[in-house]
Protein chains: 2
Amino acid sequence: MPPSHETSIGIALDEVDTPALVLDLDALERNLQRMADAVKGSGVRLRPHAKSHKCAEIARAQIAAGAVGVCCQKVSEAEALVAGGVADVLVTNEIVGKQKLARLARLVRQAKVGVLADDAGNVADLDAAARAEGVRIEVLVEIDVGAHRCGIEPGEPALALARRIAASRNLRFAGLHAYHGSAQHVRAPAQRRAAIAAAAEKATLTKTLIERAGIACETVTGAGTGTFMLESASRVYNEIQPGSYVFMDADYNRNVWEEGWPRFEQSLFVLATVMSAPAPDRAVLDAGLKASSVDSGLPQVHERPGVEYAKASDEHGVLKISAGTMAPTLGEKLLLVPGHCDPTVNLYNWFVCVRKRKVEALWPVTARGAVW
Amino acid sequence: MPPSHETSIGIALDEVDTPALVLDLDALERNLQRMADAVKGSGVRLRPHAKSHKCAEIARAQIAAGAVGVCCQKVSEAEALVAGGVADVLVTNEIVGKQKLARLARLVRQAKVGVLADDAGNVADLDAAARAEGVRIEVLVEIDVGAHRCGIEPGEPALALARRIAASRNLRFAGLHAYHGSAQHVRAPAQRRAAIAAAAEKATLTKTLIERAGIACETVTGAGTGTFMLESASRVYNEIQPGSYVFMDADYNRNVWEEGWPRFEQSLFVLATVMSAPAPDRAVLDAGLKASSVDSGLPQVHERPGVEYAKASDEHGVLKISAGTMAPTLGEKLLLVPGHCDPTVNLYNWFVCVRKRKVEALWPVTARGAVW
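Residues numbered from 1 in each chain as written. Chains lettered and ligands numbered in written order. Predicted model: local features only at pLDDT ≥ 70, side-chain atom pairs only at ≥ 80, totals over all residues.

A. Quick look at the overall build of chain A. A count of helices and strands for chain A gives 9 helices and 17 strands. Seen through its C-alpha atoms, chain A measures out along the principal axes to roughly 70 × 45 × 35 Å. In chain A, of all internal contacts separated by at least 6 residues, the share reaching a separation of at least 24 is 67%. (Helix = DSSP H or I, 4+ residues; strand = E, 2+ residues; numbered from the N terminus. Contact = placed C-beta atoms within 7 Å.)

Here is the structure:
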């Protein structure tokens, strides 16, 4: 694919060809600092989730700002990040299948790599893959703390699995993964608090059981951008995994944030061009479903009140223009706030990094499309 | 990004690492033949839309099966297809912005390339770009026939624009683009008929006006997989642009098809692995929002009654398993029918082409991510 942005460094944002994935470096750096400040003194380790950015440059910036390493979701993402210079990656997912297990074990030779398990058969497969490669893999037990996705039941079932990992010659039991995904996007603070209180209770109960059985439970990890202040204060989680805070998106911006919590700002945008302006109340952008993910709602037009992104098709975004609003003109470039940052980033090969509306750098989306 | 499927040729489908974009070649070839049969004798030219597949291999197969060329939506797609050996491409879109116009004009040196316009200022820019490159660009006027996206009003406004194109030294007026996008997904045959009858009326009126003004109106093009039989029979359209028929998807499969119309079959799938089976009524696939587009509904599990893809997150698909159904087991691989084929294909770098459940070829998604 032709590298559209090859010659972009130094040019003004308005000159960048569209659609483009734009990253405001000042906002990104402030978000990194805000997270570092929020974690400082809490006794909790920061391990940001790299599934949001899939970018080795950003992972290294997070580590430089105090993170112990990063998380990712897929072996292929971990491979790309390790190749990009990240030395400590936790794959916060179950890894199933011969090819992936062999690749995971191979990666352990190059970096500190952990993984989750929620099934005894899978633990046996992990152990066999590690033995075949002559390595020892760190495994955390994923418990279901309310999201009802992956994860074994907290309490006795989790203890039984922890025992099995601890007894496996080529595995090391490293702790519990207790992530409540759906709680991140609950709008009201009181309900988010209740969800995380329940999750923390399940994590505490399970950790206590495991420790009473004489097995060390080093790490309890979880949390996202919507709730990490709660896990940090829980006294049971000692590692947190927020991802979206570096970028933010329209969906997270709909959350109501508590007093005293850090406020992250929008740093990620899609730059789009008005390619048709056929009626006073309508204009069409060159950015549709293939330029901005719509699973969590449509993108929003940045700082253009009265101009609404009303409909997305494959390569078009239809704007509705309120009466009395100055309509965008043909050729004008607008910034969009993506509905959901993670799958939007995955559509692009490059971040066009800008500072004060000038292109400063191009960062590859190192693990773009690395879904296996 | 590591080429996950590098060593896949010759292996069984069940051995392919997941998620993978799978193309059933027998079904694809039958779909190509059915379309060729449907068009034969109608006097209508077939110019399939390549935005669905973004793949030079498939474009060449369509041309071998009788298509006059292909359509695409973006200059970058056209570049990729021309580089892949396609000699005739219509960009069914307005192209706005200096860089894109220069690239479009450059491409005209290498292949037959057409484009749309719906604005007089844009026509002047197209003419200037063509003059700078020393080429002549074919331009069709896009008229709004009911989809209310891009397109100038039919009738007099379209005539005025056609005159302007015809009077531009480096442009050639080539006809009308009269595509009714939203009609494609109208479920009921009668309503689809009504929408296309109205579109054909607007196209006829405009074509007549233009011809009475002494300007030849060579081509009237439009239609998609949902309606092409209607445009073919309309006596005004002489070119049709169906795209999804090669693959089909869950959304198109919800349309009710008329008697006597060709039936296209599902050839495109996402292969996914059960990576967690934590409860009798629930299993989790390794294919979520980054593996299958959800803008037109969730993917469907292929030939597994009682197993429903109920929820997608970034990298997970949660399956709901009805009581009394044999639950998918950990490690089992399932085929998914994507909700919407076009944005799903755009997530992948490769088609894993299978015949009788054995991998026969790997075809690159030539224009993956070519959105500008």
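Having seen the structure, we can now continue with the description.
B. Broad picture of the interface of chain B and chain A. With 59 residues of chain B at the interface, the matching set in chain A holds 59 residues. Broken down by secondary-structure element, the contributors of at least two residues to the side of chain B that touches chain A are helix 3 (75-83), strand 4 (88-94), helix 4 (98-108), helix 5 (120-133), strand 10 (268-279), strand 11 (282-285) and helix 10 (341-345) of chain B. For the side of chain B that touches chain A, the element with the most residues is strand 10 of chain B, which contributes 4 residues. Broken down by class, the residue content of the side of chain B that touches chain A amounts to 22 nonpolar, 20 polar and 17 charged. (Nonpolar A, V, L, I, M, F, W, Y, C, P; charged D, E, K, R; others polar.)

C. Representation of the domain arrangement of chain A in the model. Per the domain assignment, the segments making up chain A are domain 1 (13-21 + 264-364) and domain 2 (87-242). A C-alpha centroid distance of 37 Å is found between domain 1 of chain A and domain 2 of chain A. (Domains from an automatic or database assignment.)

D. Representation of the sheet that holds strand 4 of chain B within the structure. Residue and element names in this part refer to chain B. One open sheet accounts for 8 strands, arranged 2-9-8-7-6-5-4-3; its pairing is parallel. The sheet terminates laterally at strand 2 (45-46) and strand 3 (70-72), the two strands that pair on one side only. By the bridge criterion, 2 bridges tie strand 2 to strand 9 (residues 239-240) in an arrangement that is parallel. When the bridges of strand 9 are listed, L46 appears paired with I240. (Pairing = 2+ DSSP bridges.)

E. Summary view of the nonpolar core. Core analysis: the biggest nonpolar cluster contains 255 residues, and L81(A), V352(A), L81(B) and V352(B) have the highest contact counts within it. Setting aside anything within four residues of it in sequence, one finds L81(B) in contact with A50(B), A56(B), A59(B), V70(B), C72(B), V86(B), V89(B), T366(B) and A367(B). (Core = buried A, V, L, I, M, F, W, Y, C linked by C-beta atoms within 7 Å. Buried ≥ 20, exposed ≤ 12 C-beta atoms within 10 Å, placed from the backbone.)

F. Broad picture of the relation of the copies chain B and chain A. When chain B is brought onto chain A, the operation consists of a screw motion whose angular component is 180 degrees and whose axial shift is 0.0 Å, with 0.0 Å RMSD remaining. When the rotation and shift are considered jointly, the pair of chain copies conforms to a two-fold rotation axis. Most of the interface of chain B is mirrored in chain A: 98% of its interface residues are interface residues there too. (Least-squares fit on C-alpha atoms with pLDDT ≥ 70 in both.)

G. Just helix 3 of chain B, in detail. All names here are of chain B. Across the 9 residues that make up helix 3, a large majority, 8, are buried. Elements that come into contact with the buried residues of helix 3 comprise helix 2 (56-64), strand 3, strand 4, helix 4 and strand 5 (112-117). One or two steps after helix 3, the chain reaches G85, where phi turns positive at roughly 100 degrees.

H. Highlighting the pairing of strand 6 (residues 137-142) of chain A. All names here are of chain A. Of all 6 residues that make up strand 6, 5 are buried, and the element is covered over most of its length. The β-α-β motif built from strand 5 (residues 112-117), the intervening helix 5 (residues 120-133) and the parallel element strand 6 has right-handed crossover chirality. For the crossover from strand 6 across helix 6 (residues 156-166) to strand 7 (residues 171-177), the handedness is right-handed. (Right-handed = clockwise from strand over helix to strand, strands pointing away.)

I. Fine view of the pairing of strand 7 of chain A. All names here are of chain A. With respect to burial, strand 7 is a largely interior element, 6 of its 7 residues being buried. Pairing between strand 7 and strand 8 (residues 219-222): 3 bridges, direction parallel. Each residue of the ladder has a partner; that of G175, found in strand 8, is T219.

J. Spatial organisation of the confidence of the model for chain A. With 98% of its residues at a pLDDT of 70 or more, chain A has an overall mean of 96. In the predicted assembly, ipTM is 0.96 and pTM is 0.97. (pLDDT = per-residue confidence, 0-100.)

K. Structural context of the sheet that holds strand 9 (residues 239-240) of chain A. Residues and elements named next belong to chain A. Pairing within the open sheet is parallel, and its 8 strands lie in the order 2-9-8-7-6-5-4-3. Looking at the sheet topology across the chains shown, the edges are occupied by strand 2 (45-46) and strand 3 (70-72). Strand direction decides the pairing type here: strand 6 and strand 7, joined by 6 bridges, are parallel. Residue pairing for strand 7: V139 is matched across the bridge by F173.

L. Broad picture of the packing of helix 3 of chain B against helix 4 of chain B. Residue and element names in this part refer to chain B. It is the contact of helix 3 with helix 4, at a shortest axis distance of 10 Å, that shows an interaxial angle of 25 degrees. Relative to helix 4, the element helix 3 lies roughly parallel. Both helix 3 and helix 4 take part in a crossing whose hand is left-handed. Counted together, V75, A78, E79 and V82 of helix 3 and K100, R103, L104 and L107 of helix 4 form the full contact between these two elements. Here the residues of the contact of helix 3 with helix 4 sort into 5 nonpolar, no polar and 3 charged. (Axes fitted to C-alpha atoms, helices over the stretch in contact; angles between N-to-C directions. Parallel < 35°, antiparallel > 145°, perpendicular 65-115°, else oblique. Left-handed = near helix turned anticlockwise from the far one by under 90°.)

M. Highlighting unusual backbone geometry. T18(A) connects to P19(A) through a cis peptide bond whose omega is -10 degrees. As for its position among the elements, P19(A) is in the segment before strand 1 (20-24). The phi torsion at M248(B) lies on the positive side, around 65 degrees, for a residue other than glycine. By the element assignment, M248(B) lies in the loop between strand 9 and helix 9 (250-253). What makes M248(B) buried here is the crowd of 22 C-beta atoms within 10 Å.

N. Spotlight on the environment of V82(A). All names here are of chain A. Within the element layout of this structure, V82 appears in helix 3 (residues 75-83). With 31 residues separating them in the primary sequence, V82 and V113 have C-alpha atoms 9.4 Å apart. Non-local contacts of V82, meaning those with residues more than four positions away in its chain, are made with V89, L107, Q110 and A111.

O. Fine view of the environment of E142(A). Residue position: E142(A) is located in strand 6. Overall, the presence of 28 C-beta atoms within 10 Å leaves E142(A) in the buried class.

P. Up close: helix 2 of chain B. Residues and elements named next belong to chain B. Buried residues of helix 2: A56, I58, A59 and Q62, and no others. Along the axis of helix 2, the buried positions cluster into a sector of 160 degrees, meaning they face one direction only. In the core, the buried residues of helix 2 are packed alongside helix 1 (25-39), strand 3 and helix 3. Positive phi shows up at G66, right after helix 2, with a value of about 115 degrees. (Arc of directions from axis to C-beta.)

Q. Fine view of the environment of P262(A). All names here are of chain A. Within the fold, P262 resides in the loop between strand 9 and strand 10 (268-279). You can call P262 partly exposed: it has 17 C-beta atoms within 10 Å. Sequence spacing of P262 and V246 is 16 residues, and the spatial spacing of their C-alpha atoms is 12 Å. Other than its neighbours up to four places away in sequence, P262 contacts R34, M35, D37 and A38.

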